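Fold and contact review
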Amino acid sequence: MSNLLIRNVRPNAGEATDILVRDGKIAAFGKGLAADGVAVEDGSGHIVISGLIEAHTHLDKSVWGMPWHVNAKTATLRERIDFEREKRLEIGIDPHRQSMRQAIMLSANGASHIRSHVDIDTTHGLRLMEGIIETRQALKDVIDIEIVAFPQSGLVTRPGTVELLDQALSNGAEVLGGIDPCGIDRDPKGHLDAIFGLAEKHGKPIDIHLHEQGELGAFSMEMMFERIRALGMQGKVAISHAFALGAPDYLRVGGLIEQIAELDIRIVTTGSPSSTVPSILRLKDAGVKVAAGCDGIRDTWGPWGQPDMMDRARILGMKNGLRRDVDLEHALYVCSKGGADVMDIEGYGLEVGCDADFTLLTGETLAHAVVDVAPRPLVVKRGRVVARNGVAEVAIP
Ligand SMILES: [Zn+2]
């Protein structure tokens, strides 16, 4: 645990102050605080906010830093899934090395926490997750990593997967994933009963990928609502993507959002440029907790994305058609405090007593910071400086 004094920073773009950190926690704010023998950093009047939260990514998938992956496929979702599962080791996507690269870059760009879905399937067993657990241990002083056991290849259609998920939840995964109950397993009842049954057995939350659009996605959501009510799992379920909430039928979507708010279901959005997406302002008005993530970056699925939650805030802003400063501030909120709300992160915040996880940002205001493409001047994790000017203190393998 570390002690640190950062001089001349502006919390959430407000008045300049100093921040004193003791034992990895924020101990005091104030102008001209006594250094008292602790290390001092100059914040140069930059904005400071709590750590950015990457709430939806896949640390086991990126080819970042490897030879360029030539994508020559015109593939369906199912074909992309099958290609990745069968070719990933042949291509050389080592889950430990690649997750180290991505997690360190996320940290250098101001993130303090990651929720990563990790593939669990009958081809690889728990091997991919073991690589991420190794990374989590190696980076325990740099960034916190939460693992979602993710049955990307399906579970009803791939016997043995449920047993592997069961093991994953006993061996390091904090959250249970799922995927398109109609589209992948083509058996929504079978898929959801298996997922909810396992989550209940382990007392773990669920975060399900739902790419299904329009009425099909709405149908899957309604089947989830029934199970959340029956099992009393309010506040324990997140829906990632939730593309069905981007459908044009305003009243139909409103009815779904009403139930999502009532059941305290969390929404995780990537602002996917290639799909209909939920409106972050409409969800805000309904009081729904919303987080954001970069999803897979530069992988066998596609070449896009950066390991940077400020980049994601800009994508959210553009995809949601945001222009007003107050709305840009909300895009940043979704990429920071919103993620902490969705993941139930304890000790998160820029207040005395909170963990000293924060990042400096360039810009005059928070809205300016969102659009300003510039490295983070300083990133601090539990009171330790982990990156300066976009460069991590720890080496990238
Ligand atoms: Zn995903």
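What you are looking at is a predicted structure, and each value in this text was computed from that prediction instead of being measured.

A look at the overall build of the protein chain
Check the secondary structure of the protein chain and you find 12 helices and 17 strands. Against the globule reference of 21 Å for 397 residues, the protein chain gives a C-alpha radius of gyration of 21 Å, in line with a compact fold. Principal axes of the C-alpha set define a box for the protein chain whose edges measure 65 × 50 × 40 Å. Residue pairs at least 24 apart in sequence account for 75% of intrachain contacts in the protein chain once pairs closer than 6 positions are excluded. Carbon and sulfur atoms make up 52% of the accessible area of the protein chain, which totals about 15,500 Å². Counting 43 positive and 55 negative side-chain charges, the protein chain places the centres of these two groups 2 Å from one another.

Observations regarding unusual backbone geometry
Positive phi values are uncommon outside glycine, yet serine 44 reaches one of about 55 degrees. If you trace the backbone, serine 44 turns up in the loop between β4 (40–42) and β5 (47–50). The exposure class assigned to serine 44 is partly exposed, which follows from its relative accessible area of 47%. A positive phi angle, near 40 degrees, is found at arginine 298, a position not held by glycine. Checked against the element boundaries, arginine 298 lands in the loop between β13 (290–292) and α9 (309–319).

Thoughts on the pattern of salt bridges
Counted by the stated rule, this structure contains 33 salt bridges. Arginine 88 is the partner of aspartate 119 in a salt bridge, and the nearest nitrogen-oxygen pair spans 3.0 Å. With a gap of 31 residues between them, aspartate 119 in strand β7 (residues 111–119) and arginine 88 in helix α1 (residues 77–91) connect regions that are remote in the sequence. Residues aspartate 119 and arginine 88 agree in their burial class; the two are buried. A salt bridge links glutamate 262 to arginine 229; the shortest N-O distance between them is 3.4 Å. Here arginine 229 lies in helix α6 (residues 214–231) and glutamate 262 lies in helix α7 (residues 250–262), a separation of 33 residues in the sequence.

Remarks on the packing of α6 against α7
Where α6 meets α7, the closest approach of the two axes is 11 Å, and the angle between their N-to-C directions is 25 degrees. When the axes of α6 and α7 are compared, the pair comes out roughly parallel. The chirality of how α6 crosses α7 is left-handed. Every residue of α7 that contacts α6 at Glu215, Ala218, Met221, Glu222, Phe225 and Arg229 is listed here: Arg252, Leu256, Gln259, Ile260 and Glu262. Taken together, the residues of the contact of α6 with α7 sort by class into five nonpolar, one polar and five charged.

What about the pairing of β7?
Most of β7 sits inside the fold, with nine of its nine residues counted as buried. Pairing of strand β6 (residues 52–57) with β7 involves four bridges; the strand directions are parallel. Looking across to β7, one finds that threonine 57 is bridged to serine 116. Across seven bridges, the pairing between β7 and strand β8 (residues 144–150) is parallel. In the sheet register, valine 118 faces β8, and the bridge partner there is alanine 149.

Overview of empty space enclosed by the protein
Here the structure, examined in full by the defined rule, presents one cavity of 30 Å³ or more. The computed volume of the largest cavity comes to approximately 50 Å³. As for the largest cavity, its lining consists of Val63, Trp68, His69, Asn71, Arg298, Asp299, Gly302 and Pro303. Class assignment for the residues of the lining of the largest cavity results in three nonpolar, three polar and two charged.

Some points on α9
Of all the 11 residues making up α9, nine are buried; the element is thus mostly covered by neighbouring parts of the structure. When α9 is considered as a whole, its buried residues turn out to be Met309, Met310, Asp311, Arg312, Ala313, Arg314, Ile315, Leu316 and Gly317. Of the surrounding secondary structure, the elements contacted by the buried residues of α9 are β6, β12 (266–269), β13, α10 (325–334), β14 (358–361) and α12 (366–371). In the segment just after α9, glycine 321 is the residue with positive phi, at about 65 degrees.

A word on the pairing of strand β2 (residues 17–22)
Moving residue by residue along a regular strand, the side chains alternate between the two faces of the sheet. Within β2, five of the six residues are buried, which leaves the element mostly enclosed by the surrounding structure. One ladder, built from four bridges, connects strand β1 (residues 4–11) with β2; its direction is antiparallel. Directly across from valine 9, in β2, lies its bridge partner threonine 17. The hairpin turn running from β1 into β2, its antiparallel successor, is five residues long, and asparagine 12 in that turn takes a positive phi close to 50 degrees. Where β2 folds back on strand β3 (residues 25–30), the antiparallel hairpin that results is connected by two residues, among which aspartate 23 adopts a positive phi of roughly 50 degrees.

A few points about the sheet that holds strand β9 (residues 175–179)
A sheet is described by the order of its strands in space; here eight strands give the open sequence β6-β7-β8-β9-β10-β11-β12-β13, paired in parallel fashion. The open sheet terminates on both sides in strands that have one partner only, identified here as β6 and β13. Taking each pair of neighbouring strands and ignoring which way they run, the sheet shows an average axis angle of 25 degrees. Where strand β11 (residues 237–240) and β12 come together, three bridges link them in parallel fashion. Paired with isoleucine 239 across the bridge in β12 is isoleucine 267. Strand contacts of α9: β6, β12 and β13, with the helix running at about 75 degrees to β6, the strand carrying the most contacts.

Rules and cut-offs
- Residues numbered from 1 in each chain as written.
- Predicted model: local features only at pLDDT ≥ 70, side-chain atom pairs only at ≥ 80, totals over all residues.
- Heavy atoms only, no water.
- Helix = DSSP H or I, 4+ residues; strand = E, 2+ residues; numbered from the N terminus.
- Rg over C-alpha atoms; globule rule 2.2 N^0.38 Å.
- Contact = heavy atoms within 4.5 Å.
- Areas by Shrake-Rupley, 256 points an atom, 1.4 Å probe, with all protein chains shown as cover.
- Lys, Arg positive; Asp, Glu negative; His and termini not counted.
- Charge placed at Lys NZ, Arg CZ, Asp CG, Glu CD.
- Buried < 20%, exposed > 50% of the residue type's maximum accessible area, 1.4 Å probe, protein only.
- Salt bridge = Lys/Arg side-chain N within 4 Å of Asp/Glu carboxyl O.
- Axes fitted to C-alpha atoms, helices over the stretch in contact; angles between N-to-C directions.
- Parallel < 35°, antiparallel > 145°, perpendicular 65-115°, else oblique.
- Left-handed = near helix turned anticlockwise from the far one by under 90°.
- Nonpolar A, V, L, I, M, F, W, Y, C, P; charged D, E, K, R; others polar.
- Pairing = 2+ DSSP bridges.
- 1 Å grid on protein atoms, 1.4 Å probe; cavity = no way out; pocket = protein on both sides within 12 Å on 5 of 7 lines; lining within 4 Å.
- Points joined across faces, edges and corners; volume = space filled by probe spheres on them.

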